[in-house]
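Coordinate inspection notes
If you want the building blocks of each chain, they are given just below.
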Amino acid sequence: MDWVGRVLEWLALGFVLVLGVVVLVSLVLFVVDRTQTGDAIRRNYPVIGRFRHMFTSLGEFFRQYFFAMDREEMPFNRAQRDWVARAGEGKGNTVAFGSTRNLNIPGTPIFVNAAFPPLDNQFAAAAPMLIGPHAREPYNAPSIFNISGMSYGAISRPAVEALSRGAAEAGIWLNTGEGGLSPYHLLGNCDIVYQIGTAKYGVRDEFGRISDEKLKQVAAHPQVRMFEIKLAQGAKPGKGGILPGAKVNDEIAQIRGIPVGEDSYSPNRHVEVDSFEDLLDMVAHIREVSGKPVGFKTVVGAPEPFQELFSLIRERGEESAPDFITIDGGEGGTGAAPMPLIDLVGMPIREAMLIVSDLRDTYGLHNRIRLIASGKLVNPADVAWAITAGADFVTSARGFMFALGCIQALKCNRNTCPTGITTHDPRLQKGLVVERKYTRVARYARSVINEVETIAHSVGVAEPRLMRRRHVRIVQPDGSSIPMNQIYRRSDPADHVLANKH
């Protein structure tokens, strides 16, 4: 049994060695912590103070997986993410034992079920809706639910390709985001909305202004169905972006029309647009050059600017109007933005959509300007609420990121996304298999649309766009609920006659 004794001796020596290394490392860290001046906790509590930073970093992980309840997390909770995951996999979204949602929270929408809902043979899908009747090539948009703007550069090549192919399969549109039109957007042959940001990526001349020649080249793609002028984004209204030079490789530079390897800054607004007159002029110019419908995306801060806009449109004539307006809520997502803008600037979509839809209809523009709702609308109830509030279409970015496999690791701005969606690291991108993920994108879109139609049928109408504010009750602070049309009073669009009296 001599070998047993030798093993025990080696184990004892190994233990002493490990213990010695731990003591030595601790002594080194003690000296480093005590002499450094940047961190008061480590200086006052050497070595032990380091555990605070470790626990702070790990807390994000433990909260998400172990401690937070299904409905507690922000910005999206586990129940929301799990619904998208099941929808993307084509699994049933039925649950047992009742709702886990707290229905007593003020502001919660509750849909009013009809006493005698339509029978199975009286149901209908939402019909396609025409956008841009005065454009040379109007767009008959087939779907109420579509993909919001995510730029190539902000998200990876396989992510863009999966979204393009999934959008084509589901029959929905894909917004390019402000990063220009890449070959990967075109691979799926889906309908595309080209977003023109403040830097004019992809359609800019050497001075950063719109190039009509490049605009025509983009519009020549039959997949490009509309153009969206981005005035503001929900997570960072009034703030331009920066693309670090390290990310500007030959391909990105060619797509965006910027120098290779140099930082590229987006102005905080379009420098040539100083007023609504200028904005309508820009809309008209892009529509004339491209021949496609043109609208804009913005964040609502107050009703007065929209009153000014709609009044100006009435003076100029309805042909001068943008073909659509995308309203992004102040709670909208982004890869990176200053916290004060994310948290404090811009109205939430729950208020903004009601204000803008009321004003649009009051000025008699209901059938001229289409409204698109955006901003953390990822589940069927969110989409159905937006339609009852006045939206003609709903777009989502984060919902489709979850469909691609996003786990809300909150690393979008670090190039270390573990799912390969927001990283340009080839090793991490390998985890996003396009052939598998594009089917999840399509299934998620179809599931949202199908369940929104189910909600519409439940409240007693044949298809989603027939839902009205009277079909939703809003929970009040005392726990009771009030019909939304009593809180936000307006008549149905067909009853608006104010514009016709002027």
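An account of the accompanying structure is given in this report. Given the structure is predicted, the values throughout are model-derived calculations rather than measurements.

Take threonine 388: it is sitting in helix H13 (residues 380-389). Under the relative-accessibility criterion, threonine 388 is labelled buried at 2%. Reaching out from threonine 388, the side chain makes a polar contact with the backbone oxygen of tryptophan 385 at a distance of 2.6 Å. If sequence neighbours within four positions are ignored, threonine 388 has contacts with Phe111, Met467, Arg468, Arg469, Val472 and Met484.

Orientation of H13 relative to helix H16 (residues 434-459), taken along the N-to-C sense of each, is 60 degrees, at an axis distance of 9 Å. With respect to each other, H13 and H16 are oriented oblique. When the axes of H13 and H16 are compared, the crossing they make is right-handed. Listed contacts from H16 to Pro380, Ala381, Val383, Ala384 and Ile387 of H13 are Val448, Glu451, Val452 and Ile455. Each residue belonging to the contact of H13 with H16 can be placed in one class, and the counts come to eight nonpolar, no polar and one charged.

Take the sheet that holds strand S14 (residues 472-475) next. The strands that make up a sheet are held in pairs by hydrogen bonds between backbone atoms, and each pair lies either parallel or antiparallel. Read from one edge to the other, the open sheet built from three strands follows the order S1-S14-S15, with strand pairing classed as antiparallel. In this open sheet, the two edge strands, each paired with only one partner strand, are strand S1 (109-111) and strand S15 (481-483). Adjacent strand axes in the sheet meet at a mean angle of 35 degrees, parallel and antiparallel pairs treated alike. Strand direction decides the pairing type here: S1 and S14, joined by three bridges, are antiparallel. When the sheet's bridge partners are listed, proline 109 is paired in S14 with isoleucine 474. The sheet contacts of H13 involve S1 and S14, and relative to S1 the element is tilted by about 85 degrees.

Turning our attention to the side chain of serine 211. By the secondary structure assignment, serine 211 is in the loop between strand S6 (191-196) and helix H7 (212-219). Overall, serine 211 belongs to the buried group, its relative accessible area being 13%. Those residues in contact with serine 211, other than ones at most four positions away along the chain, are Val203, Arg204 and Asp205.

Before going further, it helps to examine the packing of helix H10 (residues 304-316) against helix H12 (residues 349-362). Contact geometry for H10 and H12: axes closest at 10 Å, N-to-C directions at 25 degrees. With respect to H12, the element H10 is oriented roughly parallel. The element H10 and its partner H12 pack so that their crossing is right-handed. Judged by residue contacts, Phe306, Gln307 and Phe310 of H10 engage Val356, Leu359 and Arg360 from H12.

Glancing now at the pairing of S6. When you tally the buried positions in S6, you get six out of six residues, the bulk of the element. A two-sided burial pattern is seen for S6, the buried positions comprising Asp191, Val193 and Gln195 on one face and Ile192, Tyr194 and Ile196 on the other. Summarising the sheet, strand S5 (residues 173-175) and S6 pair through three bridges and their orientation is parallel. If you follow asparagine 175 over to S6, its bridge partner there is valine 193. Strand direction decides the pairing type here: S6 and strand S7 (residues 224-230), joined by five bridges, are parallel. Looking at the pairing, isoleucine 196 lines up with isoleucine 229 of S7. For the crossover from S6 across H7 to S7, the handedness is right-handed.

For helix H5 (residues 157-170), spanning 14 residues, the distance from its first C-alpha to its last is 20 Å, which sits close to the expected 20 Å at 1.5 Å a residue. Taken as a whole, H5 has its buried residues at Pro158, Ala159, Val160, Glu161, Ala162, Leu163, Ser164, Gly166, Ala167 and Ala170. On its buried side, H5 packs onto strand S4 (145-147), S5, helix H6 (183-186), helix H14 (398-404), helix H15 (426-429) and H16. A positive backbone phi angle near 75 degrees is found at glycine 171, which sits one or two residues after H5.

Turning our eyes to something else, we now look at the packing of aromatic side chains. Counted by the stated rule, this structure contains nine aromatic pairs. Consider the rings of tyrosine 152 and tyrosine 184, whose centres lie 5.3 Å apart with planes at 65 degrees: the pair is edge-to-face. Of this pair, tyrosine 152 sits in the loop between S4 and H5 while tyrosine 184 sits in helix H6, placing them 32 residues apart in sequence. Here tyrosine 152 matches tyrosine 184 in class, with each residue buried. When the ring of phenylalanine 400 is compared with that of tyrosine 444, the centres are 4.9 Å apart and the planes differ by 75 degrees; the resulting orientation is edge-to-face. Linking phenylalanine 400 in helix H14 with tyrosine 444 in helix H16, this pair joins segments that are 44 residues apart in sequence. By the burial criterion, phenylalanine 400 is buried, and tyrosine 444 matches it. A network of ring pairs unites the aromatic residues Tyr139, Trp173 and Phe393 as a single cluster. Sitting over the face of the ring of tyrosine 438, arginine 165 holds its NZ or CZ atom 4.3 Å from the ring centroid. Of note, arginine 350 hangs over the ring of tryptophan 385, and the distance from its end group to the ring centre comes to 4.6 Å.

Procedures and definitions
- Starting afresh in each chain, residues are numbered from 1 along the sequence in its written order.
- Whole-chain, interface and lining totals are the exception, using all residues; otherwise, since this is a predicted model, local features are given only for residues with pLDDT of at least 70 and side-chain atom pairs are given and counted only at 80 or more.
- To get the side-chain values, all heavy atoms of the structure are used, and hydrogens and water are removed first.
- Numbering of helices and strands runs from the N terminus, with a helix taken as a DSSP run of H or I at least four residues long and a strand as a DSSP run of E at least two residues long.
- Think of it in three bands: residues with accessible area under 20% of the maximum for their type are buried, residues over 50% are exposed, and the middle band is partly exposed, with areas taken using a 1.4 Å probe on protein chains only.
- Polar contact is the term for a pair of N or O atoms within 3.5 Å; when the atoms are in protein, one must be able to donate a hydrogen and the other to accept it, and sequence-neighboring residues count only if both atoms are side-chain atoms.
- Here, residues are in contact when the closest pair of their heavy atoms is within 4.5 Å.
- The axes used here are C-alpha line fits, helices contributing only the stretch in contact, and every angle between their N-to-C directions lies in the interval 0 to 180 degrees.
- Angle categories are assigned with fixed cut-offs, so that under 35 degrees is roughly parallel, over 145 is roughly antiparallel, 65 to 115 is roughly perpendicular, and the rest are oblique.
- Take the far helix as the reference: if the near one is turned anticlockwise from it by less than a right angle, the crossing is left-handed, and if turned clockwise, right-handed.
- Amino acids outside the nonpolar list (Ala, Val, Leu, Ile, Met, Phe, Trp, Tyr, Cys, Pro) and the charged list (Asp, Glu, Lys, Arg) are all regarded as polar, and Gly is one of them.
- Two strands pair under a simple rule: DSSP has to find at least two bridges between them.
- When the strands point away from the viewer and the path from the first strand over the helix to the second turns clockwise, the crossover is right-handed.
- Every helix has an expected span of 1.5 Å times one less than the residues it contains.
- In summary, the pairing rule links any two rings of Phe, Tyr or Trp, Trp by its six-membered ring, whose centres are within 6.5 Å, and it sorts them by plane angle into stacked for under 30 degrees, edge-to-face for over 60 and tilted for everything else.
- A ring is considered to have a charge above it if a Lys NZ or an Arg CZ atom is located within 6 Å of its centre and within 35 degrees of its normal.

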